[in-house]
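One-letter residues, chain by chain:
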Amino acid sequence: MAVETLAAPHVTLRGRTFMALVVAPEFPMAEWFSAFDQQMHGAGGFFIDRPIVADLGATLEEGGPDAVFIVLEGLEARQLRLIGVEGVDPVLLAGTRWERLPKTLHGRVQTLETWADLHAAPHDEPSPAPVAAPSVSSLLIDRPVRSGQSIVFEDGDITIIGPVASGAEVIAGGSIHIYGALRGRAIAGLRAGDSARIFCRKLEAELVGVDRLYRTAEHWGEALHGRSVQVMCDRGALRLSAFD
Amino acid sequence: MSKVMVVTSGKGGVGKTTSSASLGAALAQAGQNVVVVDFDVGLRNLDLVMGAERRVVFDLVNVVQGDAKLPQALIRDKRVETLYLLPASQTRDKDALTEEGVGRVIAELRERFDWIVCDSPAGIEKGAQLAMRFADIAVVVTNPEVSSVRDSDRIIGMLDSKTLRAETGERLEKHLLLTRYDAARATKGEMMKVEDILEILAIPLLGIVAESPDVLTASNVGSPVTLHNPASAAARSYTDAARRLMGESVAINTPAEKRGLMSRLFGRKATAA
Ligand SMILES: Nc1ncnc2c1ncn2[C@@H]1O[C@H](COP(=O)(O)OP(=O)(O)OP(=O)(O)O)[C@@H](O)[C@H]1O
Ligand SMILES: [Mg+2]
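Residues numbered from 1 in each chain as written. Chains lettered and ligands numbered in written order. Predicted model: local features only at pLDDT ≥ 70, side-chain atom pairs only at ≥ 80, totals over all residues. Heavy atoms only, no water.

Draft legend 1. Broad picture of the overall build of chain B. Within chain B, the regular secondary structure consists of 15 helices and 8 strands. Against the 2.2 N^0.38 benchmark of 19 Å for 273 residues, chain B shows a C-alpha radius of gyration of 18 Å, consistent with a compact globule. A buried classification covers 53% of the 273 residues belonging to chain B. Counting only contacts in chain B whose residues sit at least 6 apart along the sequence, the fraction spanning at least 24 positions is 75%. Of the roughly 12200 Å² that chain B leaves accessible, carbon and sulfur atoms contribute 49%. (Helix = DSSP H or I, 4+ residues; strand = E, 2+ residues; numbered from the N terminus. Rg over C-alpha atoms; globule rule 2.2 N^0.38 Å. Buried < 20%, exposed > 50% of the residue type's maximum accessible area, 1.4 Å probe, protein only. Contact = heavy atoms within 4.5 Å. Areas by Shrake-Rupley, 256 points an atom, 1.4 Å probe, with all protein chains shown as cover.)

Draft legend 2. Inspection of the sheet that holds strand 12 (residues 185-188) of chain A at higher detail. Residue and element names in this part refer to chain A. One open sheet accounts for 5 strands, arranged 8-10-12-14-15; its pairing is mixed. Each edge of the open sheet carries a strand with a single partner, namely strand 8 (150-153) and strand 15 (213-216). Geometrically, the sheet is characterised by an average inter-axis angle of 5° between neighbouring strands, direction not taken into account. Relative to strand 10 (residues 169-172), strand 8 runs parallel, the two sharing 4 bridges. Bridging across to strand 10, Phe-153 finds its partner in Ala-172. (Pairing = 2+ DSSP bridges. Axes fitted to C-alpha atoms, helices over the stretch in contact; angles between N-to-C directions.)

Draft legend 3. Inspection of the environment of Leu70(B) at higher detail. As for its position among the elements, Leu70(B) is in helix 4 (residues 70-73). When residues no more than four places from it in sequence are discounted, the contact partners of Leu70(B) are Val63(B), Leu86(B), Val105(B), Glu108(B) and Leu109(B).

Draft legend 4. Layout of the pairing of strand 13 (residues 198-203) of chain A. For strand 11 (residues 176-182) of chain A and strand 13 of chain A, the ladder comprises 5 bridges, and the chain directions are parallel. Looking across to strand 13 of chain A, one finds that Ile176(A) is bridged to Ile198(A).

Draft legend 5. Looking closely at the confidence of the model for chain B. Residue and element names in this part refer to chain B. Mean pLDDT over chain B stands at 90; residues scoring 70 or higher make up 93%. Contacts for the low-pLDDT stretch residues 257-273, under 50 throughout, to residues beyond four places or in other chains number 11 contacts. What the predictor reports for the complex is a pTM of 0.73 with an ipTM of 0.72. (pLDDT = per-residue confidence, 0-100.)

Draft legend 6. How the structure looks around the packing of helix 6 (residues 126-133) of chain B against helix 7 (residues 146-162) of chain B. Residue and element names in this part refer to chain B. Across the interface, helix 6 lies against helix 7 with an axial gap of 10 Å and an inter-helix angle of 55°. Judged by the angle between their axes, helix 6 and helix 7 are oblique. When the axes of helix 6 and helix 7 are compared, the crossing they make is right-handed. Residues Gln-129, Met-132 and Arg-133 of helix 6 pack against Ile-155, Met-158, Leu-159 and Lys-162 of helix 7. (Parallel < 35°, antiparallel > 145°, perpendicular 65-115°, else oblique. Left-handed = near helix turned anticlockwise from the far one by under 90°.)

Draft legend 7. A look at helix 1 (residues 16-29) of chain B. All names here are of chain B. With 14 residues, helix 1 should cover 20 Å at 1.5 Å per step; its first-to-last C-alpha distance of 19 Å lies within 8% of that length. The buried fraction of helix 1 is high, at 12 of 14 residues. Among all positions of helix 1, only Lys-16, Thr-17, Ser-19, Ser-20, Ala-21, Ser-22, Leu-23, Gly-24, Ala-25, Ala-26, Leu-27 and Ala-28 are buried. Gly-31 sits one or two residues past helix 1 and shows a positive phi near 95°. (Expected span 1.5 Å × (residues − 1).)

Draft legend 8. View of the site of ligand 1. Residue and element names in this part refer to chain B. The environment of ligand 1 is made up of 17 residues, and the closest members are Lys-16, Thr-17, Thr-18, Arg-180 and Ser-212. One of the backbone nitrogen or oxygen atoms of Gly-13 is found 2.9 Å away from an oxygen atom of ligand 1. The contact in question runs from a nitrogen atom of ligand 1 to an N or O atom on the backbone of Ala-210, over 3.0 Å. Protein contact buries 81% of the 640 Å² of open area that ligand 1 shows by itself. Grouping the constituent residues of the shell around ligand 1 by class yields 6 nonpolar, 7 polar and 4 charged. (Near = heavy atom within 4 Å. Polar contact = N/O pair within 3.5 Å; in protein donor to acceptor, adjacent residues only side chain to side chain. Nonpolar A, V, L, I, M, F, W, Y, C, P; charged D, E, K, R; others polar.)

Draft legend 9. Structural view of the packing of aromatic side chains. Taken as a whole and assessed by the stated rule, the structure comprises 4 aromatic pairs over all chains. Between Trp32(A) and Phe36(A), the aromatic rings sit 4.9 Å apart at their centres with planes inclined by 15°, giving stacked as the arrangement. With Trp32(A) and Phe36(A) both in helix 1 (residues 29-42) and 4 residues apart, this pair spans about one turn of that helix. Taking the relative accessible area as the measure of exposure, Phe36(A) reaches 0% and is therefore buried. Between Tyr84(B) and Phe113(B), the ring centres sit 5.4 Å apart and the planes meet at 65°, which makes this aromatic pair edge-to-face. Of the two residues, Tyr84(B) sits in strand 4 (residues 83-86) while Phe113(B) sits in the loop between helix 5 (99-112) and strand 5 (115-119), which places them 29 residues apart along the sequence. Comparing Tyr84(B) with Phe113(B) shows no difference in burial state: the two are buried. Through a chain of ring-to-ring contacts, the aromatic side chains of Trp32(A), Phe33(A) and Phe36(A) assemble into a single cluster. Taking the ring centre of Tyr84(B) as reference, the NZ or CZ of Arg112(B) above it sits at 5.9 Å. (Phe/Tyr/Trp six-rings, centres within 6.5 Å; stacked < 30°, edge-to-face > 60°. Lys NZ or Arg CZ within 6 Å of the ring centre and 35° of its normal.)

Structure, rendered in structure tokens:
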């Protein structure tokens with residue numbers, strides 16, 4: 001079994017909701033931003049128009065309020081769709097242009113849907129009782145996933161019979177199984193975390209990600225290209241290994 | 001029974017209009033009643049390629065908006081009597097078409113013709129979506145290069161989701177027409193291989209049309225290549241593709257195979273030249 005272990009990246013992502021990704025800038029900032037720029041550049045448009053939530057907990061802790069504003073400006077300058085901030089006290093942002101960004105306090109998991117609700121509904125209306133999620137835990141797609149299509153299934157695994165095209169993406173709460181070529185992007189483990197895996201018949205992907213780690217094509221060697229591969233987390237790094 | 005066939009691609013300039021005219025003419029030459037409809041409102045081309053530009057009085061937009069009756073807008077080809085053209089408007093924009101209006105015109109065309117060939121504009125916006133909306137069959141025109149293949153993949157996704165057939169759970173036939181195929185460049189590895197394109201797009205191959213000056217010559221004199229130069233390789237590719245559409249089984253010959261033989265005969269010099 002050919003094994004390729006990759007070092008942990010500087011920049012990690014966390015899926016939170018359907019589409020939003022969380023970035024957590026770390027000190028030293030100059031280094032973090034240059035790694036981030038490099039990865040944005042290498043990610044083939046992955047960040048374009050993608051809602052981003054900034055986790056500024058570490059920034060605040062180490063750099064204080066001034067650092068928070070510098071980092072927010074830095075993210076803004078990169079034309080990201082910043083849709084939320086977490087890890088900072090809302091009072092801190094009061095009176096600034098970031099005041100209206102939704103804020104999550106200290107690790108409380110808040111989804112896009114819930115803050116959309118919070119912002120849409122008048123405050124005196126009682127919030128609806130939570131509806132139990134249907135107990136479906138896997139999604140089967142028995143046709144090719146075409147360029148431009150996005151398959152998102154937060155509640156469990158996704159199985160695809162057919163190829164995933166370049167420019168298509170598959171995002172799962174659990175693992176992703178592709179009985180065909182993976183030419184687009186696959187991100188597993190939004191819910192399951194680092195126990196999720198990605199399996200594909202033929203690796204020609206633009207990007208693979210599990211839990212908080214991701215890799216673009218240039219990070220894995222020619223040796224794995226076109227092969228039957230699994231992607232998993234292994235002690236904090238993303239590991240790609242061939243089956244044949 | 002009438003068939004509505006959209007000729008589409010996503011990417012521009014790959015040969016949709018050329019293929020609409022040539023397939024339409026080839027079907028008509030085989031005795032079918034055919035109308036070719038130009039959906040490229042604002043950038044009409046089909047009238048030129050079919051040599052009817054001086055005969056356009058009313059167009060698709062006029063009919064959709066009820067300013068003209070369908071027979072007033074249809075132009076009969078001077079060479080093949082079962083071939084008609086419904087031109088696009090050059091002066092209006094794409095918003096002049098409505099889904100309801102297009103549906104009405106298509107329904108009326110279905111009563112008169114065996115084949116309604118819809119020449120789609122490039123892109124994935126409203127114009128392209130209206131052209132594919134009522135289709136029973138789609139011909140996806142693709143050039144052997146990555147950007148064209150990816151756009152075709154995107155269009156196939158839309159055919160599977162945005163057409164009336166897809167919405168009602170009916171099957172929509174999809175065919176791949178590979179055009180502007182340059183055998184010499186394919187041999188040198190400068191273009192994508194047929195088998196790789198087929199693997200990516202995963203739809204059946206309708207035909208391969210080689211890159212050929214005969215196509216340009218024909219469109220410059222306002223005649224589909226199947227009429228202007230029926231013996232040319234491009235015309236034969238289109239005629240064979242039309243026969244396959246009519247349900248005949250005709251073997252597909254890949255231009256690269258011939259070139260493969262050439263380079264085998266002449267060795268490396270042939271490819272190095
Ligand atoms: N097989 C071929 N060999 C050589 N030239 C070709 C071939 N097919 C098409 N062409 C040329 O390519 C150009 C574009 O063709 P065409 O207008 O049919 O493309 P299209 O897809 O309809 O473009 P648009 O997206 O602008 O509507 C034309 O100049 C045409 O003559
Ligand atoms: Mg055209």
